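# Residue-level structural notes
Residue strings, one per chain:
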Amino acid sequence: MTAYIVRRVLWLIPVLFAVTIITFTLMHLVPGGPWSGDRNLPPGVTNAIANRYHLNDPVWMQYGRWVFDFIQGDFGPSFKYADRSVTKIVLEGLPATLTLGVMAFALSLVVGLPLGIIAALGHNRWPDYLATGVSLIGIATPTFVLAILLILVFSVWLKWLPPIGWRGPDNWILPVLALAGYQIAQIARYTRASMLEVTRKDYIRTAHSKGLRERAVVVRHMIRNALIPVVTILGPTLAFLVTGSFIIETIFSVPGIGRFYVSAISQRDYSLLMAMTILYAFTVAFLNVVVDVLYAYIDPRIRYS
């Protein structure tokens, strides 16, 4: 297992290297530059700024300079936020994004897993219909619509919670609920489908025939074996949540890094876009390794050699 983990971690290096090459190349193939939208700047000024940041150099030379700075822990300067470097922007926004993402992920697990289990155990009865209905509503409702509804109900009508901000627990509830809504529905559906498949297995009938209690059969046999397909989606789900949601962070004024991702694309802030992309790629790749390792602990039949 140790050798397998080491190999998988080392494979992250070429994966990230390929992601940076593709992103850097596509980014520079798009016509224009960071100052293309600034119509008030004369061409001579924009050309001087581009020379200052070496944007007129060949692409391979720019990429080599970026890699050299990245190895030293420097993501480079931001072209749109001149008062802050990209590293400073990431470090300032990452704590809020991580806090929001981890809380939303925890809520998704705490609600989504039991909801799927209840639906499967009450198959074709009212618990199944209720849980399935909630899941369908959660999947069909866009995140921004859910966020607006939560603000209308709990902030405007009931006046229980503040609509925006990130100062304390009262400000955390609405964005966490809005961000976790779709994930709860997705985890519940996967859990229900996986549980229903497990209940039809021969070893479940054998466990019942041996006289085991229903709770023991569910906890020791059903849930553990049903978790494997569910764990598969948890890696990308956690990666999405902890790298930020632009919509939720914008609606609730959360000072995270998610809003910088979309702005970096629209404003062609090359350094910031590279930093956001490699952060997301690393998170997805690393969590996929964690998921593969968890397989062996959930199912003893799985072994890596």
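Here, every reference points to the structure presented above.
Residues numbered from 1 in each chain as written. Predicted model: local features only at pLDDT ≥ 70, side-chain atom pairs only at ≥ 80, totals over all residues. Heavy atoms only, no water.

### Describing the overall build of the protein chain
Of the regular secondary structure elements, the protein chain holds twelve helices and zero strands. Ordered by position from the N terminus, the helices and strands of the protein chain form the series α-α-α-α-α-α-α-α-α-α-α-α. In terms of its C-alpha atoms, the protein chain occupies a principal-axis envelope of roughly 85 × 60 × 30 Å. Relative to its full complement of 305 residues, the protein chain shows a buried share of 41%. Intrachain contacts of the protein chain at a sequence separation of at least 6 include 73% that bridge at least 24 residues. Counting every atom, the protein chain has about 16800 Å² of accessible surface; 68% of that belongs to carbon and sulfur. Placing the 25 positive and 15 negative side-chain charges of the protein chain at their respective mean positions leaves the two points 9 Å apart. (Helix = DSSP H or I, 4+ residues; strand = E, 2+ residues; numbered from the N terminus. Buried < 20%, exposed > 50% of the residue type's maximum accessible area, 1.4 Å probe, protein only. Contact = heavy atoms within 4.5 Å. Areas by Shrake-Rupley, 256 points an atom, 1.4 Å probe, with all protein chains shown as cover. Lys, Arg positive; Asp, Glu negative; His and termini not counted. Charge placed at Lys NZ, Arg CZ, Asp CG, Glu CD.)

### Focus: the pattern of salt bridges
Per the counting criterion, the structure on display carries two salt bridges. Asp57 is paired through a salt bridge with Arg65; the nearest N and O atoms lie 3.3 Å apart. Using a relative accessible area of 30% as the deciding quantity, one classes Arg65 as partly exposed. In this structure, Asp128 and Arg192 form a salt bridge, with 2.7 Å as the shortest nitrogen-oxygen distance. Here Asp128 is found in helix 5 (residues 126–140), whereas its partner Arg192 is found in helix 7 (residues 169–199), with 64 residues between them in sequence. By relative accessible area, Asp128 is classed as buried at 2%. (Salt bridge = Lys/Arg side-chain N within 4 Å of Asp/Glu carboxyl O.)

### Quick word on unusual backbone geometry
Note: most peptide bonds trans; most residues except glycine with negative phi. Although it is not a glycine, Asn124 sits at a positive phi angle of roughly 60 degrees. Backbone geometry places Ser253, a non-glycine residue, at a positive phi of 55 degrees. By secondary structure assignment, the location of Ser253 is in the loop between helix 10 (246–251) and helix 11 (258–267).

### Topic: the nonpolar core
Soluble globular proteins tend to bury their nonpolar side chains together. Counting residues in hydrophobic clusters, the biggest one holds 33 residues, and the most contacted among them are Leu100, Ile248 and Phe252. Every element with two or more residues in this core is listed here: helix 4 (86–121), helix 6 (143–157), helix 7, helix 9 (214–242) and helix 12 (270–298). A total of nine residues in this core trace back to one element, the largest contributor, which is helix 9. If sequence neighbours within four positions are ignored, Leu100 has contacts with Trp166, Pro175, Val176, Leu179, Ile248, Glu249 and Val254. If you look at the next biggest cluster of nonpolar residues, it comprises 23 residues, including Tyr63, Phe260, Leu273 and Met274. (Core = buried A, V, L, I, M, F, W, Y, C linked by side-chain atoms within 4.5 Å.)

### Details of the packing of helix 4 against helix 9
Closest axis-to-axis distance for the helix 4/helix 9 pair is 11 Å, and the angle between their directions is 150 degrees. The angle between helix 4 and helix 9 falls in the class roughly antiparallel. For helix 4 against helix 9, the interelement crossing comes out right-handed. When helix 4 is examined against helix 9, the residues Thr97, Leu98, Gly101, Val102, Ala104, Phe105, Leu109, Leu113, Ile117 and Leu121 are found in contact with a partner set consisting of Val218, Met222, Ile223, Leu227, Val230, Leu234, Thr237, Leu238, Leu241 and Val242. When its residues are assigned to classes, the contact of helix 4 with helix 9 shows 17 nonpolar, three polar and no charged. (Axes fitted to C-alpha atoms, helices over the stretch in contact; angles between N-to-C directions. Parallel < 35°, antiparallel > 145°, perpendicular 65-115°, else oblique. Left-handed = near helix turned anticlockwise from the far one by under 90°. Nonpolar A, V, L, I, M, F, W, Y, C, P; charged D, E, K, R; others polar.)

### Examining helix 4
The first and last C-alpha atoms of helix 4 sit 50 Å apart over 36 residues, in line with the 52 Å expected at 1.5 Å per residue. Remark: the principal bend of helix 4, roughly 40 degrees, maps to Leu94, with a proline, Pro95, within the next four residues. (Expected span 1.5 Å × (residues − 1). Bend = angle between axes of the 7 residues up to and from the residue.)

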